[in-house]
Amino acid sequence: MIHPAELIERKRNGEELPGDEIAELILGYARGEIPDYQLAAFCMAVYFRGMTAAETYALTDAMIRSGRTLDLGGALGRKVVDKHSTGGVGDKTTIAVGPIVAACGVPVGKMSGRGLGHTGGTLDKLESIPGLSVDLSVDDFVAQVREVGLAIVGQTDDLVPADKQLYGLRDVTATVDILPLIASSIMSKKIAGGADAIVLDVKVGDGAFMKTLEDARALAQAMLELGEQAGREVVCLLTDMDQPLGAAVGNALEIAEALDTVRGEGPPDFTELVLDACARLLALSDLGIDEAEGRRRAEDAVSGGSALELYERWIRAQGGDPDPEALPQAPVVLPVTAPRAGTVTRLGAVAVGVAALHLGAGRRTKGDAIDHAVGVVCRAKRGARVGAGDVLAEVHARDEASGAEAVAAVLAAYELGDEAPREHGILLDVVA
């Protein structure tokens, strides 16, 4: 039997801990045998001393073993693919990628999360669709992936419960931003969720958890190694989050934009990321094709309408109304106008995300209610040339007062200059 205090001391002193001792610590915590304060101390020791690759895998494996695991590939007799994003502002990628990949004949089964703070959650966005339920039993989840080709649901309570407990503890002890704990949290859920191949979208920049390309590469490499040790195929895309992704920030607004993209009418940066993610997922699938062919098939699914048909089947299967006219709409829409002519040199992702949060599109604490109708639509992105009085963005608000506050906040997120900023695409790097 381990002695937690001794384990904490050894980690504090920089020792590498054996995998079985890490597993005993995590599983004991999940069973309620080890108190919060000792796990908090362990996390702080890890914060300062880090973890080796072997320790990180032992932690990940223990979190997986704390609950049930799914074998979607075995249940379906197919190779199942999944995509995960580390979170950002306006990131509705999963909602567009899922139906496109499924329309190409590759099953997608995904368990998603909710948003907190300025980063939005896929489940919150989906719940802006009238009638849609994200609470499916495991049997119904598997059956829907088999019959429709796509299901996106909430994580069940018995899937990686240790991660849920540990994340809640880290959130209140200033130990969230620890690379091995971030990597193990993400990968434990992906591995337990049953996908055989995973594309990870690691956001980089102002609106992302990882602020620099160097930090993002380190996180990507850690997750790649965890996936390989668990027998999963993993590709990590490092993508730009210095400005919001696409135009829409806010739940129903993002659903509408994802649907536009499935129709082939989405904003250029978001469309590029969606098609690139689809190409890589299809190349990882059991179709036996490369990325170039995957891209071609994804584009055909969009232009030919099969992706839209699958989107509508998927939404109906989960009880929702796929008609965009059914989405909730904010009663007040206010323009954000340019104070002078110039070029957009910067559009701060966090500032826009926080403005949407204050409108009610996000939650400050886990118990907060979401207003699905409100948000921000950024009409001018980085590099756009505007004249004085041109519309930079629109604020969708519940009332004039909150709308006026958001207008001021969004305007402050824009920087206008005389010189165009350096151009670069949405994809910054690939780790594979």
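Above this text you will find the structure in question.
Presented here is a report on the structure given in the accompanying data block. Since the structure is predicted, the reported quantities are computational estimates derived from the model, not experimental observations.

1. Things to note about the pattern of salt bridges
Any two side chains of opposite charge can pair, given that their charged atoms come close. Here the structure, examined in full by the defined rule, presents 32 salt bridges. Residue D240 pairs with R382 through a salt bridge whose shortest N-O separation is 2.9 Å. One end of the pair, D240, is in strand β5 (residues 233–240); the other, R382, is in the loop between β9 (375–378) and β10 (385–386), and 142 residues separate them in sequence. The salt bridge involving D260 is made with R263; its shortest N-O contact spans 3.7 Å. With a relative accessible area of 29%, D260 lands in the partly exposed category. Connected through salt bridges with shared partners, the residues E6, R10, E15 and E21 form a single ionic network.

2. Section: the side chain of T261
Topologically, T261 is positioned in helix α12 (residues 251–262). With residues near it in sequence (within four places) discarded, T261 still touches A96, G266, P267, F270, T271, V274 and V302.

3. Regarding the packing of aromatic side chains
Taken as a whole and judged by the stated rule, the model has two aromatic pairs. Seen from their ring centres, Y47 and F48 are 5.2 Å apart, and the 80° between their planes marks the pair as edge-to-face. By relative accessible area, Y47 is classed as partly exposed at 34%. Ring centres of Y311 and W314 lie 5.7 Å apart, and the angle between their planes is 80°; on these two criteria the pair is classed as edge-to-face. With Y311 and W314 both in helix α15 (residues 306–317), this residue pair falls three residues apart, about one helical turn. Given the relative accessible area of 0%, W314 is considered buried. Residue placement shows K92 over the ring face of F270; its charged tip is 5.0 Å from the ring centre.

4. Digging into the state of the cysteines
Under the defined criterion, the tally for this structure stands at zero disulfides. Unpaired in terms of disulfides, C104 finds its nearest cysteine sulfur in C278, a separation of 7.0 Å.

5. As for the packing of helix α4 (residues 53–65) against helix α10 (residues 179–192)
The N-to-C vectors of α4 and α10 enclose an angle of 40°; their axes lie 9 Å apart at closest approach. The orientation of α4 with respect to α10, classified from their angle, is oblique. Between α4 and α10 the crossing geometry is right-handed. Of the residues in α10, those touching α4 at T56, L59, T60, M63 and I64 are P180, L181, S184, S185, M187, S188, I191 and A192.

Reading guide: rules and limits
Residue numbers here run from 1 along each chain, matching the order of that chain's written sequence. Confidence filtering applies because this is a predicted model: local features only for residues at pLDDT of at least 70, side-chain atom pairs given and counted only at 80 or more, and all residues used for totals across whole chains, interfaces and linings. Side-chain numbers here rest on the full set of heavy atoms in the structure, without hydrogens or water. Within this document, salt bridges are pairs made up of a side-chain nitrogen of Lys or Arg and a carboxyl oxygen of Asp or Glu, the two lying within 4 Å of each other. Working definition: helices are DSSP H or I runs of at least four residues, strands are E runs of at least two. Numbering for both runs from the N terminus. The buried label applies to any residue whose accessible area, calculated with a 1.4 Å probe on protein chains only, is under 20% of its type's maximum; exposed applies above 50%, and partly exposed to all values in between. Any two residues whose heavy atoms approach within 4.5 Å at even a single point are treated as in contact. Any two rings among Phe, Tyr and Trp, with Trp reduced to its six-membered ring, count as a pair given centres within 6.5 Å; such a pair is stacked if its planes are under 30 degrees apart, edge-to-face if over 60, and tilted if neither. The rule is short: NZ of Lys or CZ of Arg within 6 Å of the ring centre and within 35 degrees of the ring normal puts a charge over the ring. Disulfides are defined in this document as cysteine sulfur pairs within 2.5 Å. Axis definition: a line fitted to C-alpha atoms, limited for helices to the stretch in contact. Angles are taken between N-to-C directions and run from 0 to 180 degrees. By definition in this entry, angles of less than 35 degrees are roughly parallel, angles greater than 145 are roughly antiparallel, angles of 65 to 115 are roughly perpendicular, and the rest are oblique. A clockwise turn of the near helix away from the far one marks a right-handed crossing, whereas an anticlockwise turn of less than a right angle marks a left-handed crossing.

Function cannot be read off these values alone, since they describe shape.
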